[in-house]
Amino acid sequence: MVDRTNRPSALKATDAAGPEAQIDIVGSGASSKVIATLPSGESVEVLLFGATVTSWKSNGGKTENLWLSEKAALDGSKAVRGGVPVVFPVFGPPPKSDHPTSSLPQHGFARTSRWEFLGKSSAEDALGSDSVKLDFGLYSSGLTDEARKAWPLDFGLVYSVTLSKDSLQTVINVRNEGEQSFEFQFLLHTYFKIQDISKVAVNGLLGVTYIDKVLDATEHKQSDNSIKITGEVDRVYASIPQDTTSIVEDGKPRFDVVRDNLQDTVVWNPWIEKAKSMGDFSPDDDYKHMVCVEVGAVQGWQKLDKGEVFEGGQTIKSLL
Ligand SMILES: O=P(O)(O)OC[C@H]1O[C@H](O)[C@H](O)[C@@H](O)[C@@H]1O
């Protein structure tokens, strides 16, 4: 992985990512979003609220790859139900007490904070007109008073979203900018759009130990390479040796999700009752058209001392 510095590289952002990729900034305030479109028609949309990728189209712009609820709030009033919410610095409900994240809401504050658009990145990755990289930043100084009070640590996040013809790469760079060490968890809560959940399998987790949050919150071992989804699924697979998790639909590979420096993956589908119970999940039966495969570092904690940096992310390939 390319060694990127955090804030300084963001400030070096230039227009070198390729003259033909078009960048549009639309909307205002909490609804502002950045849209990047390649000359060949592929596009990505990133809401500044949460730096949430809300759309990724491949296949010349004809195929939407991400599921987005019809009732997703896109005005900054709550986390987006769909796309790729960024989970930081805690995954799930925080530890009840005695942890610096204990006063934070479920999944932390990154997905509900307003990020800065830092621009297109420099040509360090030799990007041509077939790729464009967008950088987004969130610093402790940019948090709401409430979030800052709940997690009063000095950090800098740079989130890079790289659109290529058949893939989307999303990478986080976390820097400890304070005197005090801190611990965090991180996850990319990707909602994949699929045609029919009854024909979908999630492959590539054979032999991996997971916690089943639906069943009994205890450890199990994945005994089949192919996970079929026939009811509510909420599993945290940890310390995965394989790099790639695949989503197969109707026997054909649909997505490859390749992890980089992230060891864990959550597989989630709310199914009938839970989908109905979520006010922002719509239509109710759209659990049939989505599956979350969420790469992250959520088993235990990542620790950063003063000045240290962590970097990790995913590359998703659309295989249609
Ligand atoms: O409703 P949210 O806070 O967005 O969380 C949605 C889901 O995220 C993850 O997949 C967790 O493993 C689930 O337990 C949770 O229900």
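Preceding block: the structure.
Before going into details, it helps to say that this report is about the structure given with it. (Residues numbered from 1 in each chain as written. Predicted model: local features only at pLDDT ≥ 70, side-chain atom pairs only at ≥ 80, totals over all residues. Heavy atoms only, no water.)

## Overview of the sheet that holds strand β5 (residues 63-64)
Next up, step 1: A sheet is described by the order of its strands in space; here five strands give the open sequence β1-β2-β3-β4-β5, paired in antiparallel fashion. A strand with exactly one partner marks an edge of an open sheet, and here the two such strands are β1 (22-26) and β5.
Next up, step 2: Pairing of strand β2 (residues 33-37) with strand β3 (residues 43-47) involves five bridges; the strand directions are antiparallel. Across the sheet, Ala-36 pairs through a bridge with Val-44, a residue of β3. (Pairing = 2+ DSSP bridges. Helix = DSSP H or I, 4+ residues; strand = E, 2+ residues; numbered from the N terminus.)

## Things to note about the sheet that holds strand β13 (residues 200-203)
Next up, step 1: Taken together, nine strands build an open sheet; the order of strands is β7-β8-β9-β10-β22-β19-β18-β13-β16 and the sheet is antiparallel. With partners counted over all chains shown, the strands left at the sheet margins are β7 (116-120) and β16 (226-228), one partner each. On average, each strand axis in the sheet is tilted by 20° relative to the strand beside it, whichever way the strands run.
Next up, step 2: Pairing geometry for strand β19 (residues 252-260) and strand β22 (residues 309-318), over six bridges, is antiparallel. Within the sheet, the bridge partner assigned to Asp-260 lies in β22 and is Gly-313. (Axes fitted to C-alpha atoms, helices over the stretch in contact; angles between N-to-C directions.)

## As for the site of the ligand
Next up, step 1: If you check the shell around the ligand, you find Arg-81, Phe-91, Gln-106, His-107, Arg-111, His-189, Lys-213, Asp-234, Val-266, Trp-268, Lys-274 and Glu-294 and nothing else.
Next up, step 2: Here Arg-111 contributes a side-chain N or O atom positioned 2.9 Å from an oxygen atom of the ligand.
Next up, step 3: Contact between the ligand and Glu-294: an oxygen atom at 2.8 Å from a side-chain N or O atom of the residue.
Next up, step 4: Relative to its free-state accessible area of 390 Å², the ligand is covered by the protein chains to the extent of 88%.
Next up, step 5: Broken down by class, the residue content of the shell around the ligand amounts to three nonpolar, three polar and six charged. (Near = heavy atom within 4 Å. Polar contact = N/O pair within 3.5 Å; in protein donor to acceptor, adjacent residues only side chain to side chain. Areas by Shrake-Rupley, 256 points an atom, 1.4 Å probe, with all protein chains shown as cover. Nonpolar A, V, L, I, M, F, W, Y, C, P; charged D, E, K, R; others polar.)

## Quick look at the pairing of strand β20 (residues 264-269)
Next up, step 1: Among the six residues of β20, six are classified as buried, and the element is accordingly described as predominantly covered.
Next up, step 2: Here β20 shows two buried faces, one formed by Asp-264, Val-266 and Trp-268 and the other by Thr-265, Val-267 and Asn-269.
Next up, step 3: Relative to strand β21 (residues 290-304), β20 runs antiparallel, the two being bridged by five bridges. Bridge pairing in β21 links Asp-264 to Gly-296. (Buried < 20%, exposed > 50% of the residue type's maximum accessible area, 1.4 Å probe, protein only.)

## Focus: the pairing of β13
Remark: a regular strand shows side chains that alternate across the two faces of the sheet.
Next up, step 1: Along β13, one buried face is formed by Val-200 and Val-202 and the opposite face, lined by Ala-201 and Asn-203, is buried too.
Next up, step 2: When β13 meets β16, the two strands line up antiparallel, connected through three bridges. Within the sheet, the bridge partner assigned to Asn-203 lies in β16 and is Ser-226.

## Notes on the side chain of Asn-173
Next up, step 1: You can see Asn-173 is positioned in strand β10 (residues 167-176).
Next up, step 2: Reaching out from Asn-173, the side chain makes a polar contact with the side chain of Glu-311 at a distance of 3.0 Å.

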